Amino acid sequence: MIPFSIPLLLLVSLCFLNISTISAQSLCNGHAELCSRKYSNITFIGAHDSAFVGDSPADNQGISVAAQLDSRIRFLQSQAHINSFKTLSLCHTSCFLNDAGPLTTFLSTIKTWLDKHPDEVLTLLLTNGDRTDIKQYDTAFKSSGLNKYAYTPPAHPLRFDAWPTLAQLISSKTRLVVFMDYGANSATVPYILDEFAYFFETPFNTLDPTFNQCSIDRPPGAKPDGRMYVVNHFLDKKITEGDVKPEDIGTKGKGMLGDIAGGLGGLGGLFGRKKRGLGDDILVPDREKAKETNAKGGGKGSIGAQVGKCEGLYGRMPNVVLLDFVEEGQGVAAQRVLNGF
Ligand SMILES: *[C@@H]1O[C@H](CO)[C@@H](O)[C@H](O)[C@H]1NC(C)=O
């Protein structure tokens, strides 16, 4: 017996050893290098206005949210508003002009994706310009089931260096980090984190293709120390309101509603301009320049060029670089380089 049982024991223990090495997190967001890194020490390439997908002038992305995730984008930003049916929807400033559907549908897409990808950590940044009651967001998260993945920090706000590692987020099955720009309330909904308690952001609505700045735009007067930061690396261009036909606008909100809103001079509102009225210049995402804007490095205005400026100013890499048209250029390759591998 004994001569057999020792090798058997050895074999059995080897098997256990094997299992335990397999179950220890070996890849985090596709990279072993990221497992031991704190969340606050990782650079994510993000999809700006991720839900506005299509080929109209108002759209920011060319591929679906699921396709963005499949292409290794792990940070999704989107804006939500209440539409005329009282549904919390992903609308581009105005639900009359561009309503990309209920927030719940978007959250369900993400839930399905996370279910299928157990080694991935994802971040959602929701903008809540209308300051809709946080409880309505909570309802949407719960009805999609996505709340079960959401990370709740042990303290609000969590200190910059107190963030868990990706491996810890994965093993605790809290693989979704949710931020909101305005209206978060950790006392009511503890897993929706107040963006500006954690981050500063560089300016948006940029018209300068060289992105020759990395200044702090929001929150006003913020100090960089102790904060993560978002670089808004997406380029807009000016068009004249009279140049856009109502049928060009939006994907779902076009047609009658588009005509009405277009007739009211609502286009300026769609693109977030302060001045309104026919003939005004309005800003739209610059699709034609997306390849150069989203280039990994090299040219002026590339991701690498702006990030270099940021690193010079703040002594560390950005945590998020938000892009329009993530399918163009080399955002994902840049993500690897910015994380140092
Ligand atoms: C992570 O830490 C390293 C070492 O301090 C630093 O060089 C890098 O810029 C940091 N990255 C981020 C996103 O904070």
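Up top is the structure.
The notes below deal with the structure included here. Predicted, not measured: the structure shown is a model, and the values here were computed from it. (Residues numbered from 1 in each chain as written. Predicted model: local features only at pLDDT ≥ 70, side-chain atom pairs only at ≥ 80, totals over all residues. Heavy atoms only, no water.)

Let us now look at the overall build of the protein. If you tally the helices and strands in the protein, you get 11 helices and 13 strands. Burial statistics for the protein: of 341 residues in total, 50% are counted as buried. The long-range fraction of contacts in the protein, counting pairs at least 24 apart against all pairs at least 6 apart in sequence, stands at 72%. As displayed, the protein offers around 15,500 Å² of accessible surface, 58% of which is attributable to carbon and sulfur atoms. (Helix = DSSP H or I, 4+ residues; strand = E, 2+ residues; numbered from the N terminus. Buried < 20%, exposed > 50% of the residue type's maximum accessible area, 1.4 Å probe, protein only. Contact = heavy atoms within 4.5 Å. Areas by Shrake-Rupley, 256 points an atom, 1.4 Å probe, with all protein chains shown as cover.)

With that out of the way, let us pick up empty space enclosed by the protein. Inspection of every chain in the model, using the stated rule, returns two cavities of 30 Å³ or more. Estimates place the volume of the largest cavity at around 130 Å³. Considering the residues around the largest cavity, the lining is formed by 14 residues, among which Asn 29, His 31, Leu 34, Gln 335 and Asn 339 are closest to the centre. The dominant element in the lining of the largest cavity, judged by the number of residues it contributes, is helix H11 (residues 331-338), at three residues. In this structure, the second largest cavity is lined by His 233, Phe 234, Leu 235, Pro 285, Asp 286, Ala 290, Thr 293, Asn 294, Asp 324 and Phe 325. Classifying every residue of the lining of the second largest cavity gives five nonpolar, three polar and two charged. (1 Å grid on protein atoms, 1.4 Å probe; cavity = no way out; pocket = protein on both sides within 12 Å on 5 of 7 lines; lining within 4 Å. Points joined across faces, edges and corners; volume = space filled by probe spheres on them. Nonpolar A, V, L, I, M, F, W, Y, C, P; charged D, E, K, R; others polar.)

Membership of the largest hydrophobic core comes to 42 residues, with the highest contact counts inside it found for Phe 106, Leu 124, Phe 141 and Leu 176. When residues no more than four places from it in sequence are discounted, the contact partners of Leu 124 are Leu 76, Phe 106, Leu 107, Ile 110, Phe 141, Leu 146, Leu 176, Val 177, Val 178 and Phe 179. Residues Cys 35, Val 121, Tyr 151 and Ile 170 belong to the second largest nonpolar core, which totals 26 residues. (Core = buried A, V, L, I, M, F, W, Y, C linked by side-chain atoms within 4.5 Å.)

Turning our eyes to something else, we now look at helix H10 (residues 303-314). Spanning 12 residues, H10 covers 16 Å between terminal C-alpha atoms, matching the ideal 16 Å at 1.5 Å per step. Every buried residue of H10 is listed here: Ile 303, Gln 306, Val 307, Cys 310 and Tyr 314. Down the axis of H10, the buried side of the element spans an arc of 95 degrees, and every buried residue falls inside it. Taken together, the buried residues of H10 touch strand E1 (44-47), strand E9 (199-201), strand E10 (228-232), helix H9 (290-293), strand E13 (320-323) and H11. The first or second residue beyond H10 is Gly 315, which carries a positive phi of 75 degrees. (Expected span 1.5 Å × (residues − 1). Arc of directions from axis to C-beta.)

As a further point, take the environment of Leu 125. On the secondary structure map, Leu 125 appears in strand E6 (residues 122-127). Owing to a relative accessible area of 2%, Leu 125 belongs among the buried residues under this scheme. When residues no more than four places from it in sequence are discounted, the contact partners of Leu 125 are Phe 75, Leu 76, Gln 77, Ser 78, Phe 179, Met 180, Asp 181, Glu 195 and Glu 201.

What follows concerns the packing of helix H3 (residues 103-116) against helix H4 (residues 134-144). Two numbers describe how H3 lies on H4: the axes approach to 8 Å, and their chain directions differ by 45 degrees. Considered as vectors, H3 and H4 are oriented oblique to each other. Two packed elements cross with a definite hand, and for H3 against H4 that hand is right-handed. Counted together, Leu 103, Thr 104, Leu 107, Ser 108 and Lys 111 of H3 and Tyr 137, Ala 140, Phe 141, Ser 143 and Ser 144 of H4 form the full contact between these two elements. Classifying every residue of the contact of H3 with H4 by side-chain character gives five nonpolar, four polar and one charged. (Axes fitted to C-alpha atoms, helices over the stretch in contact; angles between N-to-C directions. Parallel < 35°, antiparallel > 145°, perpendicular 65-115°, else oblique. Left-handed = near helix turned anticlockwise from the far one by under 90°.)

Take the site of the ligand next. Residues in contact with the ligand, as listed here, are Ser 40, Asn 41, Ile 42, Thr 43, Arg 316, Met 317 and Pro 318. Interatomic distance of 2.4 Å between a side-chain N/O atom of Asn 41 and an oxygen atom of the ligand. Between the ligand and the protein, one listed contact pairs an oxygen atom with a backbone N or O atom of Met 317 at 2.9 Å. Here the ligand, which alone exposes 370 Å², has 59% of that area covered by the protein. In the shell around the ligand, the residues fall into three nonpolar, three polar and one charged. (Near = heavy atom within 4 Å. Polar contact = N/O pair within 3.5 Å; in protein donor to acceptor, adjacent residues only side chain to side chain.)

Here we come to the packing of aromatic side chains. Scanning the entire structure with this criterion turns up 12 aromatic pairs. A ring pair is formed by Trp 163 and Phe 179, whose centres lie 6.2 Å apart and whose planes are at 50 degrees; its orientation type is tilted. With Trp 163 in the loop between H4 and helix H5 (166-171) and Phe 179 in strand E7 (residues 176-180), this pair connects stretches of sequence that are 16 residues apart. Of the two residues examined, Trp 163 and Phe 179, each falls in the buried class. Ring geometry for Trp 163 and Tyr 198: centres 5.6 Å apart, planes at 65 degrees, overall edge-to-face. With Trp 163 in the loop between H4 and H5 and Tyr 198 in helix H6 (residues 195-198), the pair connects residues that are 35 residues apart, well separated along the chain. (Phe/Tyr/Trp six-rings, centres within 6.5 Å; stacked < 30°, edge-to-face > 60°.)

A few words now on the sheet that holds E13. Note: strands within a sheet are paired through backbone hydrogen bonds, in either parallel or antiparallel orientation. Pairing is parallel in the open sheet, where eight strands are placed in the order E8-E7-E6-E2-E1-E13-E10-E9. Whereas interior strands pair on both sides, the edge strands pair on one side only; in this sheet they are strand E8 (192-194) and E9. Going across the sheet, the axis of each strand differs from the next one's by a mean of 25 degrees, ignoring polarity. Here E7 pairs with E8 via three bridges, running parallel. Looking at the pairing, Met 180 lines up with Asp 194 of E8. Each of E1, E9, E10 and E13 touches H10; the most contacted strand, E10, lies at about 145 degrees to it. (Pairing = 2+ DSSP bridges.)

Remember, this is a structural readout, not a statement about activity or role.
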